[in-house]
Amino acid sequence: MGHDAHVAGGTNPLRAIPSVERLLRHPDAVALVARCRRERVVEALRMALADTRRALADGGVLPSDAALVAAATAFLDAGTAPRPTRVVNATGVVLHTNLGRALLADDAIAAMADAARGAMNLELDLITGRRGDRDALLADDLCALTGAEAGLVVNNNAAAVLLAIAALAGGREVVVSRGELVEIGGSFRMPEVMAVSGARLREVGTTNRTHADDYRKAIGLETGLLVKIHTSNYRIVGFTADVELRDLVTIGRAHGVPVLDDLGSGALVDLAILGLPSEPVVRDRVGAGADLVSFSGDKLLGGPQAGIVVGRRDLVERLAAHPLRRALRSDKIRLAALAATLRLYRNAPDLPAALPTLRWLTRPLAEMDTVGRAVAPHLAARLGEGYRVTVVDSEAEVGSGAAPTATLPSRALAVEHPDLSPDDVAARFRQATPPVIGRVHRGRFLLDLRGVFSPDDLAVTFA
Ligand SMILES: *Cc1c(COP(=O)(O)O)cnc(C)c1O
């Protein structure tokens, strides 16, 4: 009788284990089946029974039916598989790609909920009753904010660049400076984007220096597009030269070749006015003559994930007519959020008050000090014996490739324990409810306070 052999004869506790059928009749299980599919409950009860069998084999005692159902409920509620969960971003990186980038404005959140709940005039012209165009819903605000003739929205900026190159230079050449051939995290490499879009990359200049003549010599009958790429996640310093957008536009015009300016983040307002490191402003780039400018919706703009292209009407229309456009388009929920965000840029008297991303970037140190001092003792108490929590100086950054070399003075909570490494402390915070993501800096675990707006944000529970 193999596995029964080591169990004391006569009173085999394994025989007393209830069946799944019996457990399903328990009142708690009946209640569970009312809120969760029966198959899932059966699966969870089997897991609880398997655990019990193992525990009994190790000399444990048989739990009550209620305890078994409770264990099954815990399995169902916990679920160990990764799924989307809200986390606290205490990394000090405001636009953190791994944590979902921009936080949306309340207006944008409300617009998303409205769009999700009901139908929308996504492609319906309410005046004529004819089929409309989803881009027309945002065109007015996009053009007013950027000074461009036309605009279009796709899934993200990677999609915007892909679409622009495919539509304007498919089967032809795209001229790019070697100093701008970026790789943006997650394998978005310009040379590969070109290959996928069916264009041939023509690199000009060297890593540190590219001159106007390099572009002029490269342009020929095969040239479909000149692309300028904002070196968003690095800077080339030292003996350098690059060609200003304005000069590139002059070269393009002389040869009848359009210029695409991929800004990456792209600010709609001059961030220097808010005391922040400055980033190219979309309106200035349109003003400098770029035929198309592309940028992300969820970087500095502070909206939902989106890729926005603005510029010459005839070119935007060519992008809109390309077959890839359909595959890359944005849905009603994100368009609603983006429309609400753009509306705030046009109307809100105080942008940092209206847009959480700008508020986060411009937070005064004194405010972070106040929150930090209020939170520190509570956090130490929740963490338990041996933990020390202190307010320290910190450096935050914009993230997502904006102002890569600039840091924002910030404050953090340093969380230390004499017997635990900073990585151990980091792991404990990642497993808290909700998970808190900090960073390890110079041998200490830090929770940057820039994204912690009230003490409640760090009122988490630890396992
Ligand atoms: C971030 C970035 C992209 C990609 O934008 P996504 O919205 O993340 O797709 C493309 N180009 C530049 C220069 C960037 O900084």
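Here's what I pulled together on the structure shown here. Each residue is numbered by its place in its chain's sequence as written, counting from 1. Per-residue local features are limited, in this predicted model, to residues with pLDDT of at least 70; the limit for side-chain atom pairs, both in listing and counting, is 80 or more; totals at the level of whole chains, interfaces and linings are taken over all residues. Calculation of side-chain values draws on the structure's entire complement of heavy atoms; hydrogens and water are dropped beforehand.

1. Description of the environment of V204
For the record, the criterion: Helix and strand definitions follow DSSP, with helices as H or I runs of at least four residues and strands as E runs of at least two, each counted in order from the N terminus. In this analysis, two residues are considered to be in contact whenever any of their non-hydrogen atoms come within 4.5 Å of each other.
Along the chain, the position of V204 falls in strand β6 (residues 200-204). The spatial distance from the C-alpha of V204 to the C-alpha of G297 is 30 Å, given a sequence separation of 93 residues. Dropping the residues within four chain positions of it, V204 is found in contact with V175, V176, S177, R178, T210, D214, Y215 and A218.

2. Here's the deal with the layout of surface pockets
How we decide: For cavity detection a 1 Å grid was placed over the protein atoms alone, and a set of points counts as a cavity when a 1.4 Å probe fits there but cannot get out; an open set counts as a pocket when protein lies on both sides within 12 Å along at least five of seven lines, with lining residues being those that have an atom within 4 Å of a point. Grid points are joined across faces, edges and corners, and a volume is the space filled by probe spheres set on the points. Throughout this entry, Asp, Glu, Lys and Arg are counted as charged residues, while Ala, Val, Leu, Ile, Met, Phe, Trp, Tyr, Cys and Pro are counted as nonpolar. The remaining residues, Gly among them, count as polar.
The computed volume of the second largest pocket comes to approximately 630 Å³. Residue lining of the second largest pocket: 27 residues in total, with E180, K228, H230, T231 and D242 positioned closest to the centre. The set of elements that each furnish at least two residues to the lining of the second largest pocket consists of β7 (223-229), α10 (245-255), β8 (259-264) and α11 (282-287). Its residues assigned to classes, the lining of the second largest pocket shows eight nonpolar, nine polar and 10 charged.

3. With respect to unusual backbone geometry
Put simply, T433 and P434 share a cis peptide bond, and its omega is -10°. Within the fold, P434 resides in the loop between α18 (422-430) and β13 (436-437). Positioned with a positive phi, R101 is a non-glycine residue whose angle comes to about 55°. Looking at the element boundaries, R101 is found in the loop between β1 (88-89) and α5 (106-117).

4. Comments concerning the pattern of salt bridges
Here the idea is simple: oppositely charged side chains can pair when their charged atoms come close. Counted only if it meets this: Any Lys or Arg side-chain nitrogen located within 4 Å of an Asp or Glu carboxyl oxygen qualifies as a salt bridge. Burial classes: relative accessible area under 20% of the type maximum marks a residue as buried, over 50% as exposed, and values in between as partly exposed (1.4 Å probe, protein chains only).
Counted by the stated rule, this structure contains 30 salt bridges. Between R54 and D51 there is a salt bridge, with the nearest N and O atoms lying 2.6 Å from each other. Of the two residues, R54 and D51 are both situated in helix α3 (residues 38-57); the distance of three residues between them amounts to about one turn of the helix. Notably, a salt bridge pairs R312 with D291, separated by 3.0 Å at the nearest N-O pair. In this pair, R312 is assigned in the loop between β10 (307-311) and α12 (313-321) and D291 in the loop between α11 and β9 (292-296), connecting sequence segments 21 residues apart. For D291, a relative accessible area of 5% gives the class buried. One network of salt bridges, with partners in common, ties together E123, R131, R134 and R329.

5. Topic: the sheet that holds β9
Selection rule: We treat two strands as partners when DSSP finds at least two bridges between them. The convention used is that axes are lines fitted to C-alpha atoms, helices contributing only their stretch in contact, and that angles between N-to-C directions extend from 0 to 180 degrees.
Pairing within the open sheet is mixed, and its seven strands lie in the order β2-β10-β9-β8-β7-β3-β6. The outermost strands of the open sheet, each flanked by one partner alone, are β2 (150-154) and β6. Going across the sheet, the axis of each strand differs from the next one's by a mean of 25°, ignoring polarity. Here strand β3 (residues 173-177) pairs with β7 via three bridges, running parallel. Paired with E173 across the two strands is T223, which belongs to β7. The sheet strands contacting helix α6 (residues 136-146) are β2 and β10, and the helix crosses β2 at an angle near 115°.

6. Structural notes on the side chain of D65
The cut-off we apply is this: Counting of polar contacts relies on pairs of N or O atoms within 3.5 Å, with two restrictions inside protein: one atom must be capable of donating a hydrogen and the other of accepting it, and residues adjacent in sequence are counted only when both atoms are side-chain atoms.
Among the secondary structure elements, D65 is positioned in helix α4 (residues 65-78). A distance of 2.9 Å separates polar atoms of two side chains, one belonging to D65 and the other to R22. If we skip the residues at most four places from it in the chain, D65 touches P18, R22, L23 and H26.

7. Remarks on the nonpolar core
Going by this rule: The criterion is simple. A nonpolar core is a set of buried Ala, Val, Leu, Ile, Met, Phe, Trp, Tyr and Cys residues joined through side-chain atoms within 4.5 Å. Here the limits of each domain have been adopted from an automatic or database domain assignment.
Among the nonpolar cores identified, the biggest contains 55 residues, and F295 and V310 are the most heavily contacted of them. Counting residues domain by domain, this core receives three or more from each of domain 2 (88-96 + 361-458) and domain 3 (106-354). Contact partners of V310, with chain neighbours within four places excluded, come to L142, T146, A148, A150, G151, V282, V286, D291, L292, V293 and F295. A150, V154, L162 and A169 belong to the second largest nonpolar core, which has 30 residues in total.

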